[in-house]
Amino acid sequence: MSILLRNVNYTYGKGSSEEKQALKNINLEIHKNEFTAIVGHTGSGKSTLIQLLNGLEKADSGEILFHGKNIYDKDFSMKMLRSKVGLVFQYPEHQLFEATVVKDVAFGPNNMEWEPLKAELSTFGALKDVGIGEELFDVSPLALSGGQKRRVAIAGVLAVEPEILVLDEPMAGLDPAGRKEIFDLLKKLHSERKITIIMVSHSMEDVAEYASRVIVMNQGEVVLDGEPRKVFRYEKELKQIGLGVPQATSLMHCLAAQGAGVKEDCLTVQESVSEILKWLKRV
Amino acid sequence: MIRNITIGQYYVADSVIHRLDPRVKVTGTLLYIVSLFLFHNFWGYVVAVGCFFAVMVLSKVPFSYIVRGLKPIFFMLVFTAVLNLFWTPGTVFFRFGAIQLTWEGLRKSVFMAFRLIFLVLGSSLMTLTTTPNQLTDALEKLLRPLRHLHVPVHEIAMMMSIALRFIPILVEETDRIMKAQMARGADFESGSVLQRLRNMLPILVPLFVSAIRRANDLALAMDARCYHGGDGRTKMHPLRYQGRDFAAYFICIAYCVLLYSAVTYLPML
Ligand SMILES: Nc1ncnc2c1ncn2[C@@H]1O[C@H](COP(=O)(O)OP(=O)(O)OP(=O)(O)O)[C@@H](O)[C@H]1O
Ligand SMILES: [Mg+2]
């Protein structure tokens, strides 16, 4: 267990006329080395939830435990939490500010009061992890392409060596090649560096392909939570809250509803193809 | 955190004051403010205060809301009052060492405080009942004659409304950038003043970059929709005077007349 949320509530604009309860009684446990995807209709509270995870927003009630310690305790170090739970905001490249790529990535490590050598090592390590080559180290971040900028921004968070990496729609606004780069990066971090990943996503295809767990949110509540294969069985329920399932899964649901003897819980196109071929051979 | 700042403090209510043409409100407020400085007579203040409260009741804005506008000038208020109180020559009624208070000073400081307070209250009442966009519309219309002196009135009004439009966006953006840098361990709360200023850099640079990007996008979008300045441009909500607006103008004139007669004909106090 690395993060545990118990009965967490959060309201924006408390006491004002535009009070809005963004999170209602959330109970969650994020385990070590999971690859979790959070999905939900716009305004369902995904971004709010992930900002609670590293203490940027404080819950109105309920508690959040990090490795068993309550993060709202007085003697709990928020700085430690923020270094252990790295948060990558939506469009993280909008937060680049330094004159060169290296300097920007080094911002986090320098804030950590580490020894200079360690800070430097983790800076260059992070840049290597995200695949930014040496030729770009002294370039202004503003001169990079969209995908490169985003990778530099992610490196800036990786450089503080988080155990858990939380990303808000890391794929938004990228072209297919850029998306693939980011996804491959996340997969590599997850499998090689054993970093726990929590990612907000709108693409069910991506979720089906990469995540080991899906959390579905609706109007501030967690409505479904489990393996993609299980969660995507609830196509009707997901449609009702404005979400869908991967097209391949949807197709299999259709076929099964028409009486075809196929397994319904296929996630990817390849899986569906082989399942359909198997069925065609049988009939 | 930073979101708590409210700018353009419109108070939503359905009242005759809210519905008035903004031009009337701007003119009326200016008139009121100027009038505050034109008399030194107790009766004048009675009329001015009475008039303010009458409008306030009509506007349905709670008094506690309007009074909030005084907070930022509180220090200035005390400062001017004290200055006037101690440094006005005249008949002394109290003396303590080098400190001496005069009747004239007391009178002057009370009147001065009164003027400042009602200046702020009056203009607060206007901004509370008028949306910023209505306000710029009104200014554009009222300043129109200045076009003949080659003042770019339309452009100024356009800049004002764009600026107003962008304030909430930039506030949100600042909030987001601040959080993002805090997630990377930035600390905005501790350190010396110089240190803190330096710590603002990771916020300011992205904020400027994004403001410029947005400005660029907006300019392109305006160009794409054939924006060509003010000439021949029509409005979605043109300002048109209604019966009540003429009535309001009439009341403004009545206020001036009443004020004049109160100050001139009632015994000096
Ligand atoms: N800073 C804020 N002030 C007030 N209300 C807010 C704020 N941020 C979010 N909200 C409200 O809280 C609710 C949840 O917002 P949140 O940003 O968490 O949604 P989301 O699931 O991330 O949506 P999206 O997919 O569009 O990013 C929304 O109804 C939103 O209007
Ligand atoms: Mg969001």
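Quick caveat, the model's predicted, so the values are computed rather than measured.

Colleague: Please give an account of the domain arrangement of chain B that cites residues and values.
Modeller: Residue and element names in this part refer to chain B. For chain B, the assigned domains are domain 1 (1–130 + 239–269) and domain 2 (136–238). The centre of domain 1, based on its C-alpha atoms, is set 31 Å off from the matching centre of domain 2. Counting from both sides, the interface comprises 10 residues of domain 1 and, opposite them, 15 residues of domain 2. Each partner contributes to the roughly 1200 Å² buried at the junction of domain 1 and domain 2, and carbon and sulfur atoms together form 75% of this total. Put simply, domain 1 and domain 2 have zero salt bridges between them.

Colleague: Summarise the nonpolar core; cite the residues concerned and give the values.
Modeller: Core analysis: the largest hydrophobic core is formed by 49 residues, its most contacted members being Leu165 and Val216 of chain A. The element contributing the most residues to this core is helix H5 (residues 146–158) of chain A, with six residues. The residues touching leucine 165 of chain A, leaving out its near neighbours within four places in the chain, are Gly86, Val88, Val157, Leu158, Leu186, Leu189, Ile195, Thr196, Ile197 and Ile198 of chain A. Membership of the second largest hydrophobic core comes to 41 residues, among which are Val85, Val200 and Met217 of chain A together with Met178 of chain B.

Colleague: I'd love a proper account of helix H10 (residues 201–224) of chain B, names of residues and values included.
Modeller: Given 3.6 residues to a turn, an α-helix orients residues that are three or four positions apart in the same direction. Here H10 of chain B contains 24 residues, and its C-alpha end-to-end distance of 34 Å stays within 8% of the 34 Å for a straight helix at 1.5 Å per residue. Looking at H10 of chain B, one finds that the buried residues are Pro202, Ile203, Pro206, Leu207 and Ser210 of chain B. On its buried face, H10 of chain B is in contact with helix H3 (101–111) of chain A together with helix H8 (153–183) and helix H9 (193–199) of chain B. Remark: cysteine 226 of chain B follows H10 of chain B within two positions and exhibits a positive phi of approximately 65°.

Colleague: Can you break down the side chain of glutamine 181 of chain B residue by residue, with the values?
Modeller: Within the secondary structure, glutamine 181 of chain B is located in helix H8. Taking relative accessible area as the criterion, glutamine 181 of chain B reaches 0% and is therefore assigned buried. A polar contact of 3.0 Å, which involves the side chain of glutamine 181 of chain B, links it to the backbone oxygen of glutamine 95 of chain A. Once you skip the residues sitting within four places of it in the chain, glutamine 181 of chain B turns out to touch Gln95, Phe97 and Phe107 of chain A together with Ala186, Phe188, Pro202 and Pro206 of chain B.

Colleague: Explain the interface of chain B and chain A to me, and be specific about the residues and the numbers.
Modeller: With 16 residues of chain B in contact, the opposing surface of chain A contributes 21 residues. Around 1700 Å² of area is buried between chain B and chain A when both sides are counted, 61% of it from carbon and sulfur atoms. Joining chain B to chain A, the criterion identifies two salt bridges. Across the pair glutamate 57 of chain A and lysine 179 of chain B runs a salt bridge whose closest N-O atoms are separated by 2.5 Å. The tally of links between chain B and chain A comes to six residue pairs in polar contact (both at pLDDT 80 or more). When residues of the side of chain B that touches chain A are traced back to their parent elements, those giving at least two are H8 and H10 of chain B.

Colleague: Tell me what's going on with the sheet that holds strand E9 (residues 213–218) of chain A, and back it up with residues and numbers.
Modeller: Whenever strands of a sheet pair, they do so through backbone hydrogen bonds, lying parallel or antiparallel. Residues and elements named next belong to chain A. Spatially, E6-E7-E8-E3-E9-E10 is the arrangement adopted by the six strands of the open sheet, whose pairing is mixed. Both outer strands of the open sheet, strand E6 (85–88) and strand E10 (221–226), are each paired with one neighbouring strand and no more. Strand after strand, the sheet turns through a mean of 15° between neighbouring axes, direction not considered. Sitting on the sheet, helix H1 (residues 46–53) is in contact with strand E3 (35–40), E6, strand E7 (164–168), strand E8 (196–200) and E9, with an inclination near 140° to E3.

Colleague: Outline the side chain of threonine 196 of chain A, supporting the account with residue identities and numerical values.
Modeller: Residues and elements named next belong to chain A. If you trace the backbone, threonine 196 turns up in strand E8. Among the residues examined, threonine 196 registers a relative accessible area of 2% and is labelled buried. Once you skip the residues sitting within four places of it in the chain, threonine 196 turns out to touch Ile30, His31, Lys32, Asn33, Glu34, Glu163, Ile164 and Leu165.

Colleague: Lay out the packing of aromatic side chains in plain terms, naming residues and giving numbers.
Modeller: Residues and elements named next belong to chain B. Taken as a whole and judged by the stated rule, the model has 17 aromatic pairs over all chains. Centre to centre, the rings of tyrosine 45 and phenylalanine 111 are 4.5 Å apart; their planes meet at 45°, and the pair counts as tilted. Note that tyrosine 45 is positioned in helix H3 (residues 42–59) and phenylalanine 111 in helix H6 (residues 103–129), a separation of 66 residues in sequence. For phenylalanine 111, a relative accessible area of 13% puts it in the buried group. Consider the rings of phenylalanine 52 and phenylalanine 53, whose centres lie 5.2 Å apart with planes at 80°: the pair is edge-to-face. Residue phenylalanine 53 is classed as partly exposed on the basis of its relative accessible area of 30%.

Analysis parameters
- Residues numbered from 1 in each chain as written.
- Chains lettered and ligands numbered in written order.
- Predicted model: local features only at pLDDT ≥ 70, side-chain atom pairs only at ≥ 80, totals over all residues.
- Heavy atoms only, no water.
- Domains from an automatic or database assignment.
- Contact = heavy atoms within 4.5 Å.
- Buried area = accessible area lost by both parts, 1.4 Å probe.
- Salt bridge = Lys/Arg side-chain N within 4 Å of Asp/Glu carboxyl O.
- Core = buried A, V, L, I, M, F, W, Y, C linked by side-chain atoms within 4.5 Å.
- Buried < 20%, exposed > 50% of the residue type's maximum accessible area, 1.4 Å probe, protein only.
- Helix = DSSP H or I, 4+ residues; strand = E, 2+ residues; numbered from the N terminus.
- Expected span 1.5 Å × (residues − 1).
- Polar contact = N/O pair within 3.5 Å; in protein donor to acceptor, adjacent residues only side chain to side chain.
- Pairing = 2+ DSSP bridges.
- Axes fitted to C-alpha atoms, helices over the stretch in contact; angles between N-to-C directions.
- Phe/Tyr/Trp six-rings, centres within 6.5 Å; stacked < 30°, edge-to-face > 60°.

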